[in-house]
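Letter by letter, the chains look like this.
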Amino acid sequence: MELIQKHPDLSSYLVADEVIDHEHPVVRETAAALRAGNPDVYAYARAAFVYVRDEIPHSSDTGDPRVTWRASDVLARRTGICHAKAHALVALLRAESIPAALCYQKFEVLHGLVAIRLPGTETWHRQDPRGGLPGQEAEFSLERERLAFLPDPEFNEMDYPVLYSVPHAGVLSAMRSAPDSLELLRTLPNDL
């Protein structure tokens, strides 16, 4: 699948905002700690992915009712659904000047992914920081996609090729208004 930048200017995928708040001290401290042990850009990108995947549990897996949506909150509270984890990973990547985008898959609800573009390359690579249960493992890879879930067209599931610089408005609205993670999973959009 060919990935499509929604914004042609690559700098759009480096911006900080209220959600991807990569200038926040929690994000900066986490990025600095990861960078200390991973000096080159590839090693850092992989370490940031592994950190978000493994150190921030998916709230559905743990039964954590808290809803996080801002990257700094995800890192500080160490919980979130796939979209929240994607926000955290995008912030960690952008904190180190690595272009990062948000992208989506359609299942019963939208599933959040991240696409990265390492400096000096022309190619985006999708990554799934959700983590998963046995049989749903996602791995960092620039050679081939190793996502937790593969859409089945028979069930009207699909990959969306568009790369967003900011979260999808419907996803963010559901995240901001849900009182708990169970309600959030009921109110997330199922289509873009």
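Above this note sits the structure.
Now for a description of the structure that goes with this document. Keep in mind that what you see is a predicted model, and the values were worked out from it rather than measured. (Residues numbered from 1 in each chain as written. Predicted model: local features only at pLDDT ≥ 70, side-chain atom pairs only at ≥ 80, totals over all residues. Heavy atoms only, no water.)

**Focus on the packing of aromatic side chains**
Two numbers describe a pair of aromatic rings. These are the distance of the centres and the angle of the planes. All chains considered together, the criterion is met by five aromatic pairs. With a centroid separation of 5.8 Å and 50° between ring planes, the pair formed by Phe-49 and Phe-140 is classed as tilted. Placement of the pair is Phe-49 in helix α2 (residues 41-55) and Phe-140 in the loop between β4 (125-127) and β5 (158-159), with a sequence separation of 91 residues. Neither Phe-49 nor Phe-140 differs from the other in exposure class; each is buried. Taken together, a centroid distance of 5.8 Å and an interplanar angle of 65° make the contact between Phe-107 and Phe-149 edge-to-face. Of this pair, Phe-107 sits in the loop between β2 (100-106) and β3 (110-116) while Phe-149 sits in the loop between β4 and β5, and the two are 42 residues apart along the sequence. What makes Phe-149 partly exposed here is its relative accessible area of 21%. (Phe/Tyr/Trp six-rings, centres within 6.5 Å; stacked < 30°, edge-to-face > 60°. Helix = DSSP H or I, 4+ residues; strand = E, 2+ residues; numbered from the N terminus. Buried < 20%, exposed > 50% of the residue type's maximum accessible area, 1.4 Å probe, protein only.)

**Description of the packing of helix α1 (residues 25-37) against helix α5 (residues 82-95)**
Describing two packed helices takes the angle between their axes plus the distance from one axis to the other. Following both chains from N to C, one finds α1 and α5 inclined at 65°, their axes separated by 9 Å at the closest point. Our classification of the angle between α1 and α5 gives roughly perpendicular. As α1 packs across α5, the resulting crossing turns out to be right-handed. Within the contact between the two elements, α1 uses Val-27, Arg-28, Thr-30, Ala-31 and Leu-34 and α5 uses Ala-91, Leu-92 and Ala-95. Of the residues belonging to the contact of α1 with α5, the class tally is six nonpolar, one polar and one charged. (Axes fitted to C-alpha atoms, helices over the stretch in contact; angles between N-to-C directions. Parallel < 35°, antiparallel > 145°, perpendicular 65-115°, else oblique. Left-handed = near helix turned anticlockwise from the far one by under 90°. Contact = heavy atoms within 4.5 Å. Nonpolar A, V, L, I, M, F, W, Y, C, P; charged D, E, K, R; others polar.)

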